[in-house]
Amino acid sequence: IRDRNLLFVGSVFGAYVTRDGGARWVKLGGLPTIQVRDIAIQKRAGDLVVATFGRGFYILDDYSALRAWTPAVALMPARLFPSRPAVLYAESSPLGLPGGSFQGHGQYRAENPPYGALITYYLKDGLKSQKARRREADAAAEKKSVDSPYPAWDSLKVEDREEDPAVVVMVSDSIGRTVRRFTVPATAGVHRVAWDLRLQPTDPVNAPPFQPDPDYPFGSGPVAPFVVPGAYQVALWSRVAGTFKPLGDPIWVSVVPADGPDSRLNGRTLTTLNEQMRTAELERTVLGTAALIDETSTRVAFLRRAIDDTPAADTSLVRRVRDIEQRLQDVRELLNGDPTRGRRGEASPPNVLGRLQGAIGSGWSGTLEAPTAAQQAQIDIVRGEFGRILERVRQLIEVDLKALETSAEQAGVPWTPGRVPRLPM
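These numbers were taken from a predicted model, which means no experiment stands behind them. (Residues numbered from 1 in each chain as written. Predicted model: local features only at pLDDT ≥ 70, side-chain atom pairs only at ≥ 80, totals over all residues. Heavy atoms only, no water.)

## Observations regarding the packing of helix H4 (residues 130-143) against helix H5 (residues 153-161)
Running from N to C, H4 and H5 cross one another at 125 degrees; their axes reach a closest spacing of 8 Å. Relative to H5, the element H4 is oriented oblique. Here H4 contributes Gln130, Lys131 and Arg134 to the contact with H5, which in turn contributes Ser155, Leu156, Val158 and Glu159. By residue class, the composition of the contact of H4 with H5 is 2 nonpolar, 2 polar and 3 charged. (Axes fitted to C-alpha atoms, helices over the stretch in contact; angles between N-to-C directions. Helix = DSSP H or I, 4+ residues; strand = E, 2+ residues; numbered from the N terminus. Parallel < 35°, antiparallel > 145°, perpendicular 65-115°, else oblique. Contact = heavy atoms within 4.5 Å. Nonpolar A, V, L, I, M, F, W, Y, C, P; charged D, E, K, R; others polar.)

So this is what it looks like as structure tokens:
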């Protein structure tokens, strides 16, 4: 704390320290303007802890990035700072939900630090779209009372089609495989984010990104399996107009088990990570197929309606679309279970999706243990049965439905989703 460089660097990270007549003052994000009576460093975790006069404690988690700062860093376009080892454990919810759960404010609970590996990075200028740069130039010209010419139409078209630039974090394992990728803030300054020590979620992307609902705490976003203890490389990339470029040098983050080097988690080697990734790929395919069946059912319903609205259409088209509807229901039943029995409260034979979610549900959310023998048996059953289901779905959509849509187009049936119109001769 007494190091002069640290006092200077603190202002960049929101931890500016001064002394006035022997008194110590600290300014951190969220810290009120009040006298600080004590400062300490929690050496094991590298946290900076301050105690204010009559207000409480404030903690700057892992301040090691401060010591890596030099005047030369401020001139770099980007910089990733070293990170302390990330502790791997399964977070607990003793009251069933995060925070105070159903206890409300009857039990005080402060927020924990972000779970996972803390990633601290610096951007000198940030990334800006072409439109943002033009507006900044126009504002600067206005301050100087200089006229700004109206942009050319081609330039405005480029702005309208431009995607927002982004900064992307890529996490790779020890053999170079990218296991996680996510976007982070791209504005200038120092930022800190947390990687939750999980692989990339594989749920279907057919809806807006998940957003927590404060009025409904039971919902949760896509879940992926945990990584295993080991060393992981974290790299920062820019994404501008679809082109990726590295930002600064990557760093290595150590993922360590919560109970030390003698933990039985150390027995989960890279082979186990391979198995986790293999199971995640199986889940990706099963969930994707279930979503495809639902999407195709909507597509076929539109086609049936269009055929009914076409008096000149051959009546055989109605029979063919009905046949496809029935076969879609058959494969959906194999994946999701028998809806006829389910609506009447009767048990039905195990289904593929139920087996898979039952086998991976607890292992991906509440524990770090490898699958039990019974869970692994369920995963193996799904892997053995799903191939035949997927082949039926492919035949149904890529061959039979495509042929039906071709016949519907030739019959002059109004356009429906999934079809490419033909120019009449």
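## Let's talk about the confidence of the model for the chain
Low pLDDT marks regions whose predicted coordinates should not be analysed in detail. With 87% of its residues at a pLDDT of at least 70, the chain reaches an overall mean of 84. For the chain, the element scoring lowest by mean pLDDT is helix H1 (residues 4-10), at 34; strand S9 (residues 166-172) scores highest, at 96. (pLDDT = per-residue confidence, 0-100.)

## Concerning the packing of helix H7 (residues 316-336) against helix H10 (residues 373-410)
Two elements in contact, H7 and H10, have axes whose closest approach is 11 Å; the angle formed by their N-to-C orientations is 160 degrees. As summarised for this structure, H7 and H10 are arranged roughly antiparallel, according to the angle between their axes. In this structure, H7 meets H10 at a crossing whose hand is left-handed. For the pair H7 and H10, the contacting residues are Leu317, Arg320, Val321, Ile324, Arg327, Leu328, Asp330, Val331, Leu334 and Leu335 in the first and Phe386, Ile389, Arg392, Val393, Gln395, Leu396, Asp400, Leu401, Ala403, Leu404, Ser407 and Ala408 in the second. Residue composition of the contact of H7 with H10, grouped by class: 15 nonpolar, 2 polar and 5 charged. (Left-handed = near helix turned anticlockwise from the far one by under 90°.)

## As for the sheet that holds strand S11 (residues 189-195)
Strand pairing in a sheet relies on backbone hydrogen bonds, with the paired strands running either antiparallel or parallel. Ordered by their spatial adjacency, 3 strands build an open sheet running S6-S8-S11, and the pairing between neighbours is antiparallel. The outermost strands of the open sheet, each flanked by one partner alone, are strand S6 (78-80) and S11. Averaged over neighbouring strand pairs, the angle between their axes works out to 20 degrees when direction is ignored. (Pairing = 2+ DSSP bridges.)

## Regarding the nonpolar core
Grouped together as the largest cluster of nonpolar side chains are 35 residues, with contacts concentrated most on Val286 and Leu335. Every element with two or more residues in this core is listed here: helix H6 (270-308), H7, helix H9 (352-365) and H10. The element that contributes the greatest number of residues to this core is H10, accounting for 11 residues. Ala86, Ile119, Val179 and Val227 belong to the second-largest nonpolar core, a separate cluster that totals 32 residues. (Core = buried A, V, L, I, M, F, W, Y, C linked by side-chain atoms within 4.5 Å. Buried < 20%, exposed > 50% of the residue type's maximum accessible area, 1.4 Å probe, protein only.)

## Quick word on unusual backbone geometry
Residues other than glycine seldom take positive phi values, yet Ser145 does so here, at roughly 60 degrees. One non-glycine residue, Ala241, adopts positive backbone phi at about 55 degrees. Looking at the element boundaries, Ala241 is found in the loop between strand S12 (230-240) and strand S13 (243-246). With relative accessibility at 65%, the residue Ala241 sits in the exposed group.

## A few points about the pairing of strand S8 (residues 117-123)
Buried residues dominate S8, accounting for 7 of its 7 residues. As paired elements, S6 and S8 share 3 bridges and run antiparallel to each other. Opposite Ala78, over in S8, you have Leu123 as the bridge partner. Inspection of the sheet shows S8 paired to S11 by 7 bridges, in the antiparallel sense. Paired with Ala117 across the two strands is Trp195, which belongs to S11.

## Regarding the pairing of S9
Along S9, 7 of the 7 residues are buried, which leaves the element largely enclosed by surrounding structure. A two-sided burial pattern is seen for S9, the buried positions comprising Ala166, Val168, Met170 and Ser172 on one face and Val167, Val169 and Val171 on the other. Relative to S12, S9 is paired through 7 bridges, and the arrangement is antiparallel. Within the sheet, the bridge partner assigned to Met170 lies in S12 and is Ala235. In this sheet, strand S10 (residues 178-184) lies alongside S9 in antiparallel orientation, the contact comprising 6 bridges. Across the sheet, Val168 pairs through a bridge with Thr183, a residue of S10. Connecting the antiparallel pair S9 and S10 is a turn made up of 5 residues, with Gly176 showing a positive phi of about 90 degrees.

## As for the packing of aromatic side chains
Inspection of the entire model under this criterion finds 5 aromatic pairs. Geometrically, the ring pair formed by Tyr89 and Tyr115 is edge-to-face, given 4.8 Å between the ring centres and 90 degrees between the ring planes. Taken together, the residues Tyr89 in the loop between strand S7 (86-88) and S8 and Tyr115 in the loop between S7 and S8 connect sequence positions 26 residues apart. Relative accessible area serves as the criterion here: at 35%, Tyr89 is assigned to the partly exposed category. We classify Tyr115 as buried; its relative accessible area is 12%. Here the aromatic residues Trp69, Phe81 and Tyr122 are joined through ring pairs into a cluster of three or more. Seen from the ring of Phe226, Arg198 lies directly overhead, with NZ or CZ sitting 3.9 Å from the centre. (Phe/Tyr/Trp six-rings, centres within 6.5 Å; stacked < 30°, edge-to-face > 60°. Lys NZ or Arg CZ within 6 Å of the ring centre and 35° of its normal.)

## A few points about the pattern of salt bridges
Counted according to the given criterion, the structure contains 19 salt bridges. Note that Arg134 and Asp138 form a salt bridge whose closest N and O atoms lie 3.5 Å from each other. With Arg134 and Asp138 both in helix H4 and 4 residues apart, the pair spans about one turn of that helix. Among the residues examined, Arg134 registers a relative accessible area of 23% and is labelled partly exposed. Here Glu409 makes a salt bridge to Arg419, at a shortest N to O gap of 2.5 Å. (Salt bridge = Lys/Arg side-chain N within 4 Å of Asp/Glu carboxyl O.)

## Brief notes about H7
Compared with an ideal rise of 1.5 Å per residue, which puts 21 residues at 30 Å, H7 spans 30 Å between its outermost C-alpha atoms and is within 8% of the ideal. Taken residue by residue, H7 has Leu317, Val321, Ile324, Glu325, Leu328, Val331 and Leu335 as its buried positions. Buried residues in H7, looked at end-on, bunch into an arc of 135 degrees, giving them a common side. The positive-phi residue at the C-terminal boundary of H7 is Gly337, with phi of around 105 degrees. (Expected span 1.5 Å × (residues − 1). Arc of directions from axis to C-beta.)

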